[in-house]
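Below are the chains, spelled out letter by letter.
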Amino acid sequence: MSATLAKGQNGPLATNDVVISIQLTAPADLSALLVTERGKVRSDADFVFFNQPNGPGVNLQPAPSGQPASLAVSLNAVPADIDQIRAVITLDDASSSFGRFPAPTAVVSDSAGNRLYEYQVDGLQSESIVIALELYRRQGSWKVRAVGQGYAGGFAALVTDHGVTVDEAPAAAPQAAAPVPPPPPPTTPAYPAQPAPQYAPTQAAPPGPGYPPPPGPGQGYPPPPTQQAVPQQPPAEISLSKDRPVSLQKGQRVTLRKEGGAALTFVKMGLGWDPVQTRGMFGSRTVDVDLDASVAMFADANLVDVAYYGQLTSKDGSVRHQGDNLTGEGEGDDEMILVDLTRIPAHVSTLLFMVTSYKGHTFEQVQNAFCRLVDGANNAELARYTMAGGMRFTAMAMAKVYRVGSDWKMQALGEGFQAKHPGEAVPQLGRFLTGV
């Protein structure tokens, strides 16, 4: 008898050979992405689909005409550096969406055809692609997890998020060399429109500019011979006060209990910032910075949902984004996110609050950035973290709220990275989930 999974749930796999199949009424393809613990394929050979049906330990098996293929997986043949196998359903008609059809069902069976797990991927609307489930390593064994993460964008966006190279249109034939004209006068570059956010439930940063390394021992001036570096101690955890809001330092934690021990149940996270004013020949002007706040919900290290300007309320209704402030001008919170801690599903362990720069401005052009925790019952400010400016990043992980036993805690992060929208940010958030 098979077990039924809900989104985010997992179960053990006691057999080595399993088959992943799908049931749905719309024409669709099944494929697999084999990713490392960084959430990326090692090469394009780790992408198993109809034009490349065989991968390391994973094979796409054809089905009768009109039926989707299935994935046969030999877990002991999967390379040791592959951490997860993600099963992806893609509608044949990219202009269609799962919301037009009954919810698809993903099935995991053993090699004899006995069903082990079933997962009905419900809640999909405009998405044409969904990561249905994943097989993943945990403490030397394999498990299956119901993911249900939909993509409203194109298939290319999904696979490139996972590190697969997608062939572009062929380049035009080379032209004969022509004299190089003098360079035009400098102009202000126009920012291209950004694509709609695409999400991949991964844990680590993609290749690219990455994080700037710390200065090496040979950089800068050495300290005087009499000085010795003192190891920095992690900030101590502090308690909330009923008299005044607590001021958090980077990395500092606070338990979400009121003074006296009562647990908070409904909180608000206010986020704010101001664009830097620049002075020029014709006076000062404000940089047109478009920042967006969002919150990503994780079950352990796996993405469950995101509340952002494109989806203001999480699918379970526990998190509500109050809307987008395009400029950041004015006093007070620029964006507010409401969180009902009593409605967050039990498998969700972390809420990560972040800010991204849609037009690609860095935080060098932002000042007075902060996040603050507010008691939703009486609108009293409980804790505030004010961030240092001047960082050369387009995204900032501001804070996280996470479970520890029966309690919720908040930790100030203030860590920068490169992303213009939540779709680019989510694959890089794994490093902030350490210890969760």
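Keep in mind it's a predicted model, so treat the numbers as computed, not measured. (Residues numbered from 1 in each chain as written. Predicted model: local features only at pLDDT ≥ 70, side-chain atom pairs only at ≥ 80, totals over all residues. Heavy atoms only, no water.)

## Concerning unusual backbone geometry
And step 1. One non-glycine residue, Gln139, adopts positive backbone phi at about 55°.
And step 2. Mapped onto the elements of the fold, Gln139 is located in the loop between strand S12 (129-138) and strand S13 (141-151).
And step 3. You can call Gln139 exposed: its relative accessible area is 79%.
And step 4. Here the phi dihedral of Asn379 falls at roughly 65°; this positive angle occurs in a residue that is not glycine.
And step 5. Tracing the backbone shows Asn379 in the loop between strand S24 (366-375) and strand S25 (381-386). (Helix = DSSP H or I, 4+ residues; strand = E, 2+ residues; numbered from the N terminus. Buried < 20%, exposed > 50% of the residue type's maximum accessible area, 1.4 Å probe, protein only.)

## With respect to empty space enclosed by the protein
And step 1. Throughout the structure, instances matching the rule amount to one cavity of 30 Å³ or more.
And step 2. Taken as a whole, the largest cavity holds about 60 Å³ of empty space.
And step 3. Arg145, Ala146, Val147, Asn302 and Leu303 are the residues nearest the centre of the largest cavity, which is lined by 11 residues in total.
And step 4. Breaking the lining of the largest cavity down by element, the ones donating at least two residues are S13 and strand S20 (302-307). (1 Å grid on protein atoms, 1.4 Å probe; cavity = no way out; pocket = protein on both sides within 12 Å on 5 of 7 lines; lining within 4 Å. Points joined across faces, edges and corners; volume = space filled by probe spheres on them.)

## Some thoughts on the sheet that holds S20
And step 1. In spatial order, the strands read S15-S27-S26-S23-S19-S20; together these six strands make up an open sheet with antiparallel pairing. The sheet is open, and its two edges are formed by strand S15 (253-255) and S20, each paired on a single side. Sheet twist, expressed as the average angle between the axes of neighbouring strands with direction ignored, equals 20°.
And step 2. Bridge analysis of strand S23 (residues 350-357) against strand S26 (residues 395-404) gives seven bridges, and the strand direction is antiparallel. Among the inter-strand pairings, Leu351 is bridged to a residue of S26, identified as Val401. (Pairing = 2+ DSSP bridges. Axes fitted to C-alpha atoms, helices over the stretch in contact; angles between N-to-C directions.)

## Details of the pairing of strand S9 (residues 84-91)
And step 1. Counting buried positions along S9 yields eight of eight residues, so the element is predominantly enclosed.
And step 2. Neither face of S9 is open: one carries Gln84, Arg86, Val88 and Thr90, the other Ile85, Ala87, Ile89 and Leu91, and all of them are buried.
And step 3. Relative to S9, strand S4 (residues 28-35) is paired through eight bridges, and the arrangement is antiparallel. Each residue of the ladder has a partner; that of Asp29, found in S9, is Thr90.
And step 4. Of the strand pairs in this sheet, S9 and S12 are connected by seven bridges, and their pairing is antiparallel.

## A look at the nonpolar core
And step 1. With 42 residues, the main nonpolar core has Leu256, Met269, Leu271, Val339, Leu351 and Met410 as its most contacted residues.
And step 2. Beyond its immediate chain neighbours, meaning those up to four positions away, Leu271 contacts Ala293, Asp333, Asp334, Glu335, Ile337, Val355, Phe370, Cys371 and Met398.
And step 3. Among the nonpolar cores identified, the runner-up in size contains 38 residues, and Leu34, Leu71, Val73 and Ala146 belong to it. (Core = buried A, V, L, I, M, F, W, Y, C linked by side-chain atoms within 4.5 Å. Contact = heavy atoms within 4.5 Å.)

## Focus: the packing of aromatic side chains
And step 1. Per the stated rule, a full pass over the model turns up five aromatic pairs.
And step 2. Aromatic side chains Phe49 and Phe50 sit 5.4 Å apart centroid to centroid with 75° between the ring planes, which places their arrangement in the edge-to-face category.
And step 3. With a centroid separation of 6.4 Å and an interplanar angle of 90°, the aromatic rings of Tyr309 and Tyr358 are classed as edge-to-face. Remark: Tyr358 occurs in the loop between S23 and S24 and Tyr309 occurs in the loop between S20 and strand S21 (319-321); sequence separation between them is 49 residues.
And step 4. For Tyr309, a relative accessible area of 26% translates into the label partly exposed.
And step 5. Given the relative accessible area of 23%, Tyr358 is considered partly exposed.
And step 6. Members of the aromatic cluster, each reached through a chain of ring pairs, are Phe47, Phe49 and Phe50.
And step 7. Lying over the aromatic face of Phe370, Arg384 brings its terminal NZ or CZ to 4.5 Å of the ring centre.
And step 8. The ring centre of Tyr402 lies 5.1 Å from the NZ or CZ of Lys400, which sits over that ring. (Phe/Tyr/Trp six-rings, centres within 6.5 Å; stacked < 30°, edge-to-face > 60°. Lys NZ or Arg CZ within 6 Å of the ring centre and 35° of its normal.)

## Here we look at the confidence of the model for the protein
And step 1. The predicted model of the protein has a mean per-residue pLDDT of 77, with 74% of residues at 70 or higher.
And step 2. Across the protein, element-level confidence peaks in strand S8 (residues 70-74) with a mean pLDDT of 96 and bottoms out in strand S18 (residues 283-286) with 45.
And step 3. Within the model, pLDDT remains below 50 along residues 167-234, and this stretch shows 74 contacts once partners closer than five positions in the same chain are excluded.
And step 4. Between residues 326-331, whose pLDDT stays under 50, and residues either more than four places distant or in other chains, the model counts 14 contacts. (pLDDT = per-residue confidence, 0-100.)

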